Amino acid sequence: MLEALGLTGREEVVYQALLDDPAMTEAGLREVTGMTTVSAALRALQDKGLVARLAGRPTRYSAAPPEVAVEMLIRAREEELQKIRVDSLLLTERFRAARRPEGAGALVETLEGVDAVRQRWIQLQQAARHEICVLDCPPYLTQDNPVQSERHARGVEYRVVYDTTALTVPGRLEDIESHIKHGEHARVASDVPVKLLLADDHVGMISLWRPATADSVMIIHSLSLLTALRALFESVWNRASPYSLTGDPLGVDDRRLLTLLAAGMTDESIARQLGWHPRTVQRRVRRLMDTLGVRTRFQAGMHAQREGWL
């Protein structure tokens with residue numbers, strides 16, 4: 001059933017075995033499934049967020065609830081299809097541009113160079129009257145945004161999805177929290193596909209290359225492309241974890257820790273970002289799990305999202 005959503009047959013067998021037993025060891029899984037090894041399937045399922053490793057010895061594994069797990073797989077597949085749709089539309093625009101009558105306005109521009117990209121990036125924000133939507137990931141031309149606070153003051157709403165790698169850039173977490181305090185709606189997701197800015201659905205800026213670079217972009221004027229890019233943004237936004245500074249009984253450090261855990265960052269990455277020792281991270285995670293009354297990091301993230309703390 002789940003192969004259509006990207007799971008291999010072996011991964012589905014292991015996941016379904018864990019549905020019947022909430023805490024199984026590798027040895028138990030091998031016995032139940034009849035498979036000689038389940039390690040690779042378990043790693044893949046953990047990477048996909050479908051299985052959590054439980055604390056304690058011996059090591060045991062637990063399945064994520066099907067209503068959550070299947071929805072995650074569906075969203076991931078929808079995002080893949082959306083990327084294909086965007087690529088297809090870009091090819092279509094290239095086809096049409098080569099056959100467009102001379103003198104017709106360009107629907108897609110290519111812009112290169114640090115100064116040129118930065119200038120247009122500022123201009124697009126200044127031209128927006130209602131909403132700016134952003135997919136944010138390194139590398140950066142600059143970490144500061146000189147016009148965002150002014151646009152907030154004029155009633156322009158910002159919705160931004162930050163890639164988890166952005167949280168590891170020195171000083172970036174403080175910048176994000178500063179934007180949130182000024183009214184930005186922020187979320188965090190892994191594997192943000194492109195750097196993207198949409199201004200009122202009238203014009204967009206998207207990174208030209210994969211992986212993204214900061215000094216080569218396309219400026220999109222085509223309505224069909226803008227519609228597809230809006231759909232891509234909404235898809236990433238809907239699967240991302242909200243990043244909020246208020247509305248929970250936790251302290252600032254615990255809220256940051258929960259956000260980074262929900263983003264899937266390792267103890268080492270969290271320690272570097274927060275300036276803590278890795279053992280401090282582990283100790284704080286255990287204390288946080290005790291406070292929330294959960295057994296796994298996955299459950300901690302689910303609890304925080306259910307309570308509206310993220």
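A. Highlighting the pairing of strand E9 (residues 216–220). Counting buried positions along E9 yields five of five residues, so the element is predominantly enclosed. Here E9 shows a buried face lined by Ser-216, Met-218 and Ile-220 and a second buried face lined by Val-217 and Ile-219. Here strand E3 (residues 108–112) pairs with E9 via five bridges, running antiparallel. Paired with Glu-109 across the strands is Ile-219, a residue of E9. The sheet contact formed by strand E8 (residues 203–207) and E9 spans four bridges and is antiparallel. From the neighbouring strand, Ser-207 faces E9, where its bridge partner is Val-217.

B. Structural context of the pattern of salt bridges. A full pass over the atoms with the stated rule returns 11 salt bridges. Residue Arg-30 is joined to Glu-26 by a salt bridge in which the shortest nitrogen-to-oxygen separation is 3.9 Å. Taken together, the residues Arg-30 and Glu-26, both in helix H2 (residues 26–33) and four residues apart, mark about one turn of the helix. Glu-150 is the salt-bridge partner of Arg-154, the closest N and O atoms lying 2.4 Å from each other. Judged by its relative accessible area of 62%, Arg-154 is exposed. Several salt bridges share partner residues, and in doing so they unite Glu-131, Arg-159, Asp-201, Arg-230 and Glu-234 into one network.

C. Just helix H3 (residues 39–47), in detail. Those residues of H3 that sit buried are Ala-41, Leu-42, Ala-44 and Leu-45. Looking down the long axis of H3, one finds its buried residues gathered within 165° of arc, a one-sided arrangement. Of the exposed residues in H3, the ones pointing more than 90 degrees away from its buried face are Arg-43 and Asp-47. Those residues of H3 that are buried are in contact with helix H1 (9–20), H2, strand E1 (51–53) and strand E2 (61–63). Just past H3, the residue Gly-49 takes up positive phi, approximately 75°.

D. Expanded view of the environment of Arg-230. As for its position among the elements, Arg-230 is in helix H8 (residues 223–239). Given the relative accessible area of 16%, Arg-230 is considered buried. Here Arg-230 is in contact with Glu-131, Cys-133, Arg-159, Leu-198 and Asp-201, once residues within four sequence places are set aside. A polar atom in the side chain of Arg-230 sits 2.9 Å from the side chain of Glu-234.

Rules and cut-offs
- Residues numbered from 1 in each chain as written.
- Predicted model: local features only at pLDDT ≥ 70, side-chain atom pairs only at ≥ 80, totals over all residues.
- Heavy atoms only, no water.
- Buried < 20%, exposed > 50% of the residue type's maximum accessible area, 1.4 Å probe, protein only.
- Helix = DSSP H or I, 4+ residues; strand = E, 2+ residues; numbered from the N terminus.
- Pairing = 2+ DSSP bridges.
- Salt bridge = Lys/Arg side-chain N within 4 Å of Asp/Glu carboxyl O.
- Arc of directions from axis to C-beta.
- Contact = heavy atoms within 4.5 Å.
- Polar contact = N/O pair within 3.5 Å; in protein donor to acceptor, adjacent residues only side chain to side chain.

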